[in-house]
Protein chains: 2
Amino acid sequence: MDEMEIKEALDLETESEYEYEYEAIQEQQADELSELLERRDMKQLKTRMEELNEFDVAEFLSEIEDNRMPMVFRLLSKTAAADVFANMDVPDQERIINSVTDSELAGLVEELYVDDAVDMMEELPANVVARIMRIATPQTRNLINQYLRYPENSAGSIMTSEFVDLKKYMSVKESIARIRRIGADKETIYVCFVTTMDRKLEGIVSVKDLLLNDDDMIIEDLMDRNVIFASTTDDQEAVSEMFSDYDLMAMPVVDKENRLVGIVTVDDVIDVMEQEATEDFDIMAGILPSDIPYSRSPIFELFKNRIPWLMFMMLSATFTSMILTSFEDMLAVQAGLVAFIPMLMGTGGNSGAQSSTAVIRSLSLGDTETSDALKVVWRELRVAFLCGIALAAVNFVKMLLLDGMLLNNDAVTVSVAATVSLTIIFVVLFAKVVGSMLPILAEKLGLDPAVMANPLISTVTDAVSLLIYIFVAKLILNI
Amino acid sequence: MDEMEIKEALDLETESEYEYEYEAIQEQQADELSELLERRDMKQLKTRMEELNEFDVAEFLSEIEDNRMPMVFRLLSKTAAADVFANMDVPDQERIINSVTDSELAGLVEELYVDDAVDMMEELPANVVARIMRIATPQTRNLINQYLRYPENSAGSIMTSEFVDLKKYMSVKESIARIRRIGADKETIYVCFVTTMDRKLEGIVSVKDLLLNDDDMIIEDLMDRNVIFASTTDDQEAVSEMFSDYDLMAMPVVDKENRLVGIVTVDDVIDVMEQEATEDFDIMAGILPSDIPYSRSPIFELFKNRIPWLMFMMLSATFTSMILTSFEDMLAVQAGLVAFIPMLMGTGGNSGAQSSTAVIRSLSLGDTETSDALKVVWRELRVAFLCGIALAAVNFVKMLLLDGMLLNNDAVTVSVAATVSLTIIFVVLFAKVVGSMLPILAEKLGLDPAVMANPLISTVTDAVSLLIYIFVAKLILNI
């Protein structure tokens, strides 16, 4: 039962009047800041910037001219500056770094959460990274070093070490006191991690559990021992899947000795999800993925990311050309056959793309595993059969009525229509099976399944569709 | 500077030894539960199920045979049952509902968070919804009714009314006491919402703020007045974008009088993000989106979702066929031209798909707005020019060397190669501009930009590529 039906059943209407919009408020805030800047009312500008959300302030800064931006940024207090900085794009971060003194930069780096600092380091040019490493305190440098150790896109690379740890013999009261003492610098205080003396993870306890229980309860009796955790080398995509499955707020990350080394928080996971989805979209469209958002990518970067697949696909179309050249004379014998080649190739490509997209997405959500290959083939075969029959039937009627009678194309006879229609069935069957299997094969080989998407599938189906067409034409038309 | 370079610079290695895996533990747990079920040790089974995570229990239940599953489910205590139930897929939920008594069902519905109950109602068949509405308490029925009022995929439809509200004159101590008193049933206690007497939203305060400040501080001095909020009718995609921009844990939702009516929590937003990304993938591949995961979709459902676009695209290929029929004789004059049609159409389709995908994704992340149309055209024109030139150059050399000399295709002369190469440049220019503009046009018209993706673009570019080819051939080859 969908929503509309329920609404009809219950005789409800939807609201349509004017409502408050956060966007309007946001614009008004930006205007206000710009006005203060115009009037050079730096004191008021500083006050307002510190009141507003750090993301909005970062947006505001990104829109003022290059030479004034660092000056405005320096109005911010140390903590506010770090928060705003973490929300900036890399080019803006670079402008800031290049305009502050070493001691200001050192202060900034110390204030950043380690995971944000590491994120930033991965994007900055080498000379800037070297400068930051030189001025950071030894502890921070060690931490950053340690984080850079983890493979890109691993749980280790997105975790932070700023968490609250408790011991199981502590009482609720002691625990809350500890949170109040050390909580200020922690990325989250809402999930606390219970560890042994040698830093092994024993359980987790939420602040909700603490607040909703008596002060003298002991953590051991409260903590959840069935902890969902990740290893430092786990892929970030697997981590984000677990967050979505288990509705987590924070997840502990352990090293190979099962020692707690960091936590991943839900806000980082949201970024990971966006990044992974964007990556899949890119790969599936034959674009090499990039960390830079589209609107800020230099033209040459876009070119570099797009040309490899275009080139590969153009060159691999040589097979199709060769087949077409070999059989050109044969196809020419029966006039009208050539006209349907683009339709057949298109139908093959689209059918295959549907299957590959469905399977790629299902794999990436953990809904399908590589061990389901046989099940998937069987489903796709049946769907392909239904689609093929429906398309073939409509095409047969359409060719006879529209192409044959209305458009007066004499070449379209019943046997030509039958040839094209029968070809459709086989092409759809082939495309859907190949489209669904290639992503699973890729996953089995340890490749990203998304690479087996539309561009590659259509290169394969183009050539095979043509061969099927020629084979069926030989059979039915005896040419 | 990428991670590898940093690692090399710092002379770091990556870890590669065996690490702990949560997945292994999960499997072991499932085996243990199955074993208890085999041995009919129901008491121990109940104990273990209540200890484990509700998502894992739901997975376990989904895998036992139909007739035993509801029996095992009924072992769970009321609260655990509701948690597990909320994590089940709709078919499993239906099996449970159909096997419990009215009073058991009523208990279950009361225990569910309202948003979970509404989610479920939207998917269930009408007779089951009617049964639930009949047995629910009047308060719950009212709440559900009220939620069903909001448009599908709006902030109102994903919010929950179980939040903690505070007043600005309360002290930290009073606030914490209130959280301890009413917090147990709330979806989150970590963000509290400060409202006026007439329920208008005044500010928010986090439990972190409360814990890190003195007991006698007054909420008014602590709360953040710059609240990021949504309206009930805002699209859920806009809400999830704000969560990702502002790193939120919970967001208040207000009605048109600015009264606080509910909150959206981050775990719901993660589901929204997955759902929206899946929807975009589906639409872009020419599949009608569906709420049912791929692995559980009935074959006929898959067929119904895939056939409309396949049919539409097959029929619209008639234009390409007509063009090809009209110019067949002309193209036949110069042997060899026909063989390159699939490559030209493929290159057009792929170039267009790259641009449309990049723009669709950028629009959905809020990185590009419809007002950026001119900027986007200008970027795409330049990228298309670079891609076109590169492809044309490689194609020219490839045709002369490979097709002409190696494959001994006499039809491939310098002027034929020039015709094909020049066509490539125009095709890529056309495809990239159309591919980038159609999604923006769709957004302007209030449609989902994803609908302007690969399938539609390739239908357009197929026909136009052919026309460009014919035009260029006339010009260069004088045919």
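Sequence positions are assigned chain by chain, starting from 1 and proceeding in written order. A letter from A marks each chain and a number from 1 marks each ligand, given out in the order of writing. Only residues with pLDDT of 70 or above have their local features reported here, since the model is predicted, and side-chain atom pairs are shown and tallied only from 80 upward, although totals for entire chains, interfaces and linings are computed over all residues.

Some words on the domain arrangement of chain A
Per the annotation, domain bounds derive from an automatic or database assignment of domains. As far as domains go, chain A holds domain 1 (23-149), domain 2 (165-265) and domain 3 (296-477). The centre of domain 1 of chain A, based on its C-alpha atoms, is set 30 Å off from the matching centre of domain 2 of chain A.

Focus on the sheet that holds strand β4 (residues 230-231) of chain B
All names here are of chain B. Only when DSSP finds a minimum of two bridges between them are two strands counted as paired. In DSSP terms, a helix is any run of H or I states spanning at least four residues, a strand is any run of E spanning at least two, and both are numbered starting from the N terminus. Strand order in the open sheet formed by three strands is β4-β5-β6, and the pairing between neighbours is mixed. Where the open sheet ends on each side, the last strands, each with one partner, are β4 and β6 (260-265). Both strand β5 (residues 250-254) and β6 contribute to a ladder of five bridges, which runs antiparallel. The partner of Pro 252 across the bridge, within β6, is Ile 263. Strand contacts of helix α17 (residues 266-284): β5 and β6, with the helix running at about 65 degrees to β6, the strand carrying the most contacts. Here contacts are defined at the residue level, using C-beta atoms placed from the backbone and a cut-off of 7 Å between them. Orientation is described by axes fitted as lines to C-alpha atoms, over the contacting stretch for helices, and by angles from 0 to 180 degrees between their N-to-C directions.

Here we look at the interface of chain B and chain A
In this complex, chain B contributes 128 residues to the contact, which on the side of chain A involves 128 residues. In terms of residue class, the side of chain B that touches chain A is made up of 69 nonpolar, 29 polar and 30 charged. Only Asp, Glu, Lys and Arg are considered charged, only Ala, Val, Leu, Ile, Met, Phe, Trp, Tyr, Cys and Pro nonpolar, and every remaining residue, Gly among them, polar.

Things to note about the sheet that holds strand β3 (residues 201-206) of chain B
All names here are of chain B. Pairing is mixed across the open sheet formed by three strands, whose spatial order is β1-β2-β3. If you trace the sheet from one side to the other, it starts and ends with β1 (165-166) and β3, each paired once. With two bridges joining them, β1 and strand β2 (residues 191-195) adopt parallel strand pairing. Its bridge partner being in β2, Asp 165 is matched across the sheet by Phe 193.

Quick look at the packing of helix α2 (residues 22-38) of chain B against helix α3 (residues 42-51) of chain B
When two helices pack together, their arrangement is given by the angle between their axes and by how far apart the axes lie. Residues and elements named next belong to chain B. Contact geometry for α2 and α3: axes closest at 9 Å, N-to-C directions at 155 degrees. By the criterion of interaxial angle, the relationship of α2 to α3 is roughly antiparallel. Judged by the twist between their axes, the crossing of α2 over α3 is left-handed. Residues Glu 32, Leu 33, Leu 36 and Leu 37 of α2 touch α3, and the partners they reach there are Gln 44, Leu 45, Arg 48 and Met 49. A class-by-class count of the residues in the contact of α2 with α3 yields five nonpolar, one polar and two charged. Orientation is classified from the angle alone, with under 35 degrees giving roughly parallel, over 145 giving roughly antiparallel, 65 to 115 giving roughly perpendicular, and any other angle giving oblique. When the near helix sits turned anticlockwise from the far one by under a right angle, the crossing is termed left-handed; a clockwise turn instead gives a right-handed crossing.

Description of helix α6 (residues 78-86) of chain B
Working definition of burial: number of other C-beta atoms within 10 Å of the residue's own, with buried at 20 or more, exposed at 12 or fewer, and partly exposed in between, all C-beta atoms being placed from the backbone. Those residues of α6(B) lying buried are Ala81(B), Ala82(B), Asp83(B), Val84(B), Phe85(B) and Ala86(B). The inward-facing, buried residues of α6(B) abut α4 (54-62), α5 (69-73), α7 (90-99), α8 (102-111) and α9 (114-123) of chain B.

Things to note about the relation of the copies chain B and chain A
Look at the two chain copies: a rotation about an axis and a shift along it is all it takes to match them. With an axial shift of 0.1 Å and an RMSD of 0.1 Å, the rotation relating chain B to chain A amounts to 180 degrees. Here the copies are linked by what is in effect a two-fold axis. The least-squares superposition of copies is restricted to C-alpha atoms, and to residues with a pLDDT of at least 70 in both copies.

A few points about the environment of Ile144(A)
All names here are of chain A. By secondary structure assignment, the location of Ile 144 is in helix α11 (residues 138-148). Residue classification places Ile 144 among the buried residues on the basis of 23 C-beta atoms within 10 Å. C-alpha of Ile 144 to C-alpha of Val 194: the two residues are 50 residues apart in sequence and 25 Å apart in space. Among all residues touching Ile 144, those that are not within four sequence positions of it are Val 114, Ala 117, Val 118, Met 121 and Ala 136.

Here's the deal with the pairing of β6(B)
Counting buried residues along β6(B), six of its six residues qualify, which places the element largely inside the surrounding structure. In this structure, the hairpin formed by β5(B) and β6(B) is closed by a connection of five residues, where Asn258(B) is found at a positive phi of approximately 65 degrees.

Things to note about the confidence of the model for chain A
In the predicted model, chain A carries a mean pLDDT of 85, and 95% of its residues have values of at least 70. Listed scores for the predicted complex are pTM 0.76 and ipTM 0.76. Confidence of the predictor at the level of single residues is given by pLDDT, which spans 0 to 100.

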